[in-house]
Amino acid sequence: MSLSPRPVPDVPEQTVLVARAAFPQGHPYLTLRDELGPLFSDEDFVDLFPSRGQLAYPPWRLALVTILQFRENLTDRSAADAVRARIDWKYLLGLELTDSGFDYSVLSEFRDRLIGGSAEERLLDKLLVRLKEVGLLKKRGTIRTDSTHVLAAVRLLNRLEVVAETMRATLNVLATVVPEWLQQVAPEPWYERYGRPIREPDLPQGEKERQAYLQQVAEDGYELLRRLNAAPHSAKDLPMVTHMRKLWEWQFKQSKPPNKRTMGRVRIKKLSEHGPAGERPDSPYDHDIRYANKGNGGWIGYKVQLSETCDEAMPRLLICVVTTPGSTHDCYASPVIHQALAKKNLLPGKHLVDSHYPTAKAIVAAHNDYSVALIGATMANTSWQGRKRDAFSTEDFAIDWKKKVVTCPQGKHSRSWGEYETKKMGRFVRINFNAKECMACPVRAKCTTTTSNRARQMTFKRREDYEALQAVRQYMQGDEGQAFYQLRAGIEGTISKGTRGFGLRRTRYRGLDKTHLSHVATAAAMNIDRYYDYRQDVEKEPKRISRFAALAIRN
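This text gives an overview of the structure that appears in the document. (Residues numbered from 1 in each chain as written. Predicted model: local features only at pLDDT ≥ 70, side-chain atom pairs only at ≥ 80, totals over all residues. Heavy atoms only, no water.)

Quick look at the nonpolar core now. Ranked by internal contacts, the top residues of the largest apolar core, which has 93 residues, are W89 and F102. Here the element with the most residues in this core is helix α21 (residues 512–535); it accounts for nine residues. Not counting the four nearest positions on each side in its chain, W89 is found in contact with Y29, V65, L68, Q69, E72, L74, A79, A82 and V83. W181, V217, L247 and I268 belong to the second-largest nonpolar core, a separate cluster that totals 35 residues. (Core = buried A, V, L, I, M, F, W, Y, C linked by side-chain atoms within 4.5 Å. Buried < 20%, exposed > 50% of the residue type's maximum accessible area, 1.4 Å probe, protein only. Helix = DSSP H or I, 4+ residues; strand = E, 2+ residues; numbered from the N terminus. Contact = heavy atoms within 4.5 Å.)

Mapping E209 onto the fold places it in helix α11 (residues 207–228). Expressed as a C-alpha distance, the spacing of E209 and I363, which sit 154 residues apart in the sequence, is 54 Å.

For the rest of this paragraph, the subject is the packing of aromatic side chains. With the rule as written, the count across this model stands at twelve aromatic pairs. Ring plane angle 50 degrees and centroid distance 5.8 Å describe the contact between F397 and F433, whose orientation is recorded as tilted. Residue F397 is located in the loop between α16 (384–387) and β9 (398–400), and its partner F433 is located in the loop between β12 (426–432) and α17 (435–439); the two are separated by 36 residues in the primary sequence. With a relative accessible area of 5%, F397 lands in the buried category. Grouping aromatic residues by their ring pairs yields a cluster made of W401, W417, F460 and Y466. Over the ring of Y420 we find R430; its NZ or CZ atom is 6.0 Å from the centre of that ring. R508 extends its terminal NZ or CZ atom over the ring of F70, reaching a point 4.7 Å from the ring centre. (Phe/Tyr/Trp six-rings, centres within 6.5 Å; stacked < 30°, edge-to-face > 60°. Lys NZ or Arg CZ within 6 Å of the ring centre and 35° of its normal.)

Structural data, given as structure tokens:
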């Protein structure tokens, strides 16, 4: 389809009359159209369509329909039906009452165009531009961020299922891309073994039988990978083939390199030989999902970071959404968020986060690169000295950065100072004290537990990182910091609203790009509700309490 930008039409008079009669008390969609206009135009998406071919359905309408679809948690078919049948949708889209709408498949095609053109953020950004124009976004204000887990749209598989199902999925992909080649190389037993879905009730139940089955699948997989070396080029680099290779490297090991005559002996790896669980390929149908845990629970899927404004007397608007695999730690989120907000010209002055975000590196980067104060309760000192009240932790030592000397609580000076930088630890300083002085120290038991003839060794961040982290900790320990930090708690309600009211807890799509698009559309949909509530002076719902707890209030 091609796109020739057309002006956004006004709402037809008949649609206006019927809508006013149907919603005399007002409606979010009517208010949105009357006060903010249509939000989008064809020019916003002209780069996503070819210049020749059949005319496209106006993409500005498809963008609005996509947001409404996620606001009401509708399928593509139900959303297309709503365009044909609902007055409030016709009003927002500027359609005649008799307009027949479009085929629901257009919505899927439009999402593919957004993803292909890396234009997912436009669904939210164009709305934010309009809200900024009407003065609802404060320059260099305050925002708050938190994350929540998102369950994948795939079934959970055990070890046997994920390996065998990956083999089956790879064969199905190859049967689509290179059917003639696969028919020539596939042994007859493979059709029986991988011809139908792999499910636990159909698998062997005894331990020896299960191990033998897993061994057979492993050898079949290596045989397929070996034969793929002579396959057409179109088959070798398929994403499914790459995923299978990664899974086989994770689960199995060959005792010797394969050659033309033998594949070598295949050994099933022990669980202790696997890498971190967050790097494990968990499904052949969604290659982006990862395992992650939080507290005592775990999940397979994604994680979404939500950032919203929290300035006084202003609506709470979602301004940034970041979607990552579930295993991505929150400490990596703030630089990504700040970079995204810088592109939108919406950088805050203060950014409230919980204890997983404000690492020393993140605090310094936020200040130096974006002039943003990253504020939050930092992670506690996990060393035994930091946990024991009368022990000597790093904070009890005086650091002279110019002389590069550390003085312990007993007045002894360090004898060595080394500055290092590694990928895992970043920039840090490591110092050592004199062994003879440490051994003779009367309070040695409060400083180190080593029984060998060694001195106390300390590792801490370099000066800029160390002082930035200490400054945040001191601020958070004061009354002002504690009072200001209470604003951060409001993001929990936003996450609850997103998961309970907008289906944010489980993605309806497979793949990181599609999942992120759904999160962006959900954020825009939540902003529509918040704008309407702000304009209608809707008071926030009071915190719910149980009936039993209410008895204490009565007394």
